[in-house]
Amino acid sequence: MLLTLVVFFLILGLMVFVHECGHFFTARRLGVKCDEFGFGFPPRIFGWKKVNGKRKFFWGNKEVESDDTIYSINWIPMGGFVKIKGEDGDNKDDKDSFASQKIWKRAMILSAGVTMNVALCAVLLMLAFGLGAPQAIDDERPVAEAKDVKIQIVQVLEKTPAAEAGILMGDILLSVDDKQFEKVAEVQAYVAGRAEQDIKVKVQRGNEYKDLTVRPTVLKETGQPGIGVALTKIGIISYPWYEAIWLGLKGTYLMFIQIIVGFATVIKNLFVDQPLGVDVAGPVGIAVMTGRIARMGFIYILQFTAVLSLNLAIINFLPLPALDGGRVLFLIIEKIRGKAVNQKVEQIVHTIGFTLLMVLVVVVTGSDLWNYKDWFTNLWDKITP
């Protein structure tokens, strides 16, 4: 549980901090003053500002005036924030105010956070490919270049024999009835041939080894005997730096397309009254998945963070109020109209959008709590005497 929370907050903090760095450095580069750049969220622990070219430190959450940026370290270690002068439409007469800048400059500043999240995805994938990325290996493909080849459980269906036995995504399949297998197809054939019979499954979970008893049954999802898991033969393959760079860029592009298609599917199904077609997870669901990914190893964490960062970028650039994409949309309207939308009207729209977004988060979180109720029950059992 502690590992799950630590990794979850580290991942979340990294994505938010990189996003805010994009806004901060772009604003500074374009001549816009940033009143404060903070690591973590308030209340403030301490901060510093430049006075006559020297750093002056101060403690606490008091209001501090400065002609330069105030840098702060805050108590809530979840990324960071940047306060840009004039971002709410004030100080329009000051040359270093966001509100006084040309439309293209404001659009660049607003888009910079999303751009940094996309860049973070690419960098993390490059690191993963360079260090040695886990890749699915086809049974027919030679594995001479792969290291640490193993059969891994990459999905566990709910309410199936595997789920009831306690098998988790990320577990390494070591043996079935003390028999070791080299191919996924061999495992599937063996399990299918023992429908309604107890079999002993040995898995590795982190540094732990578990012997579990499972009874295969005919699954409604496939109509075939099984225990309800998806298996993949995985090996670690590392690439030289120049290939890692290309594969990181290529992987980012392919994931970008897949995520866009996923969003399009969700939106289309909402209008035609069909099931969403994809699973939607909120903060709780992501935290649970983070714990499972963390048990699989560091490289998996890099890949998982890359996917989350790209998702954050795409979601944040949707043309919806309160998001960066919504703010850019108002700039486009301003360009078309030849004048800005009334600031009060824009603020009201963003406030309503933020409220609806929070309602959506609450709804999705409630769904997560229901879907992962067994996980929370086990957690409660562990922390209560």
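Refer to the structure presented above.
This structure is a prediction, so every number in the text was calculated from the model and none was measured. (Residues numbered from 1 in each chain as written. Predicted model: local features only at pLDDT ≥ 70, side-chain atom pairs only at ≥ 80, totals over all residues. Heavy atoms only, no water.)

(A) Examining helix H8 (residues 324-337) more closely. Here H8 spans 20 Å end to end across 14 residues, near enough to the 20 Å set by a 1.5 Å rise per residue. For H8, the set of buried residues is Asp324, Gly325, Gly326, Val328, Phe330, Leu331 and Glu334. Following H8 by one or two positions, Gly338 has its phi on the positive side, about 85°. (Helix = DSSP H or I, 4+ residues; strand = E, 2+ residues; numbered from the N terminus. Expected span 1.5 Å × (residues − 1). Buried < 20%, exposed > 50% of the residue type's maximum accessible area, 1.4 Å probe, protein only.)

(B) Up close: the packing of helix H2 (residues 103-131) against helix H7 (residues 298-316). In contact at an axis separation of 8 Å, H2 and H7 are set at 160° when each is read in the N-to-C sense. In terms of axis orientation, H2 runs roughly antiparallel to H7. Crossing hand, H2 versus H7: left-handed. For the pair H2 and H7, the contacting residues are Val114, Asn117, Val118, Leu120, Cys121, Leu124, Leu125, Leu127, Ala128 and Leu131 in the first and Phe298, Ile299, Leu302, Gln303, Thr305, Ala306, Ser309, Leu310, Leu312, Ala313 and Asn316 in the second. Taken together, the residues of the contact of H2 with H7 sort by class into 16 nonpolar, five polar and no charged. (Axes fitted to C-alpha atoms, helices over the stretch in contact; angles between N-to-C directions. Parallel < 35°, antiparallel > 145°, perpendicular 65-115°, else oblique. Left-handed = near helix turned anticlockwise from the far one by under 90°. Contact = heavy atoms within 4.5 Å. Nonpolar A, V, L, I, M, F, W, Y, C, P; charged D, E, K, R; others polar.)

(C) How the structure looks around the pattern of salt bridges. Using the criterion set out here, one finds eight salt bridges in the structure. Asp35 is the partner of Lys33 in a salt bridge, and the nearest nitrogen-oxygen pair spans 3.5 Å. For Lys33, a relative accessible area of 17% corresponds to the buried category. Taking relative accessible area as the criterion, Asp35 reaches 31% and is therefore assigned partly exposed. In this structure, the salt-bridge partner of Asp171 is Arg205, at a minimum N-O distance of 2.8 Å. Taken together, the residues Asp171 in the loop between helix H3 (161-165) and strand E6 (172-176) and Arg205 in strand E7 (residues 199-205) connect sequence positions 34 residues apart. Here Asp171 falls in the buried class, since its relative accessible area comes to 1%. Accessibility expressed as a relative area gives 13% for Arg205, which makes it buried. Three or more residues joined by partner-sharing salt bridges are found here, namely Glu36, Arg44 and Lys83. (Salt bridge = Lys/Arg side-chain N within 4 Å of Asp/Glu carboxyl O.)

(D) Summary view of unusual backbone geometry. Cis geometry is found at the peptide bond from Pro42 to Pro43, where omega equals 10°. Structurally, Pro43 is set in strand E1 (residues 34-51). One non-glycine residue with positive phi stands out, namely Asp178, at about 65°. Judged by its relative accessible area of 74%, Asp178 falls in the exposed class.

(E) Here's a closer look at the packing of aromatic side chains. Tallying each qualifying case throughout the model produces 14 aromatic pairs. Look at Trp48 and Tyr71: their rings are 5.9 Å apart centre to centre, the planes differ by 20°, and that puts the pair in the stacked class. With Trp48 in strand E1 and Tyr71 in strand E3 (residues 70-84), this pair connects stretches of sequence that are 23 residues apart. Look at Tyr71 and you get partly exposed, because its relative accessible area is 25%. Put simply, the rings of Phe17, Phe24, Phe25, Phe37, Phe39, Phe46, Trp48, Phe57, Trp59 and Tyr71 touch in pairs and so form one group of aromatic residues. A cation sits over an aromatic face here: Arg194 above Tyr190, 3.6 Å from the ring centre. (Phe/Tyr/Trp six-rings, centres within 6.5 Å; stacked < 30°, edge-to-face > 60°. Lys NZ or Arg CZ within 6 Å of the ring centre and 35° of its normal.)

(F) A look at the side chain of Glu36. Note on placement: Glu36 falls in strand E1. Judged by relative accessible area, which is 6%, Glu36 ranks as buried. One polar contact links Glu36 to Ser72, side chain to side chain, over a distance of 2.7 Å. Ignoring sequence-local partners within four residues, the contact set of Glu36 consists of Arg44, Thr69, Ile70, Ser72, Phe81, Val82 and Lys83. (Polar contact = N/O pair within 3.5 Å; in protein donor to acceptor, adjacent residues only side chain to side chain.)

(G) Region of the structure containing the sheet that holds strand E5 (residues 147-156). Read from one edge of the open sheet, six strands run E4-E11-E5-E6-E7-E8, paired in antiparallel fashion. Strands at the two margins of the open sheet, each flanked by one partner only, are strand E4 (133-136) and strand E8 (208-214). For this sheet, the mean angle separating the axes of adjacent strands, direction not counted, is 45°. Here four bridges tie E6 to E7, and the two strands are oriented antiparallel to one another. Each bridged residue has a counterpart across the sheet, and for Leu173 the counterpart in E7 is Val203. (Pairing = 2+ DSSP bridges.)

(H) Representation of the packing of H2 against H8 within the structure. The geometry of H2 relative to H8 is characterised by a closest axis approach of 9 Å and an angle of 165° between their N-to-C directions. Taken together, the axes of H2 and H8 are roughly antiparallel relative to one another. You can see that H2 and H8 cross each other, and the crossing is left-handed. Contacts from Ile103, Arg106, Ala107, Leu110, Ser111 and Val114 of H2 reach H8 at Asp324, Arg327, Val328, Leu331, Glu334 and Lys335. When its residues are assigned to classes, the contact of H2 with H8 shows six nonpolar, one polar and five charged.

(I) Quick peek at a nonpolar patch on the surface. A surface patch of nonpolar side chains, amounting to about 540 Å² of accessible area, comprises Tyr253, Leu254, Phe256, Ile257, Ile260 and Val261. The residue Phe256 is located in helix H5 (residues 241-271) in this model. Of the residues examined, Phe256 reaches a relative accessible area of 35% and is grouped as partly exposed. (Patch = residues over 30% accessible without salt bridge, like charges linked within 9 Å, V, L, I, M, F, W, Y side chains within 5 Å. Areas by Shrake-Rupley, 256 points an atom, 1.4 Å probe, with all protein chains shown as cover.)

(J) Representation of the pairing of E6 in the model. With four of five residues buried, E6 is to be regarded as a mostly interior element. Of the pairings in the sheet, the one linking E5 to E6 comprises two bridges and is antiparallel in character. Directly across from Gln152, in E6, lies its bridge partner Ile172.

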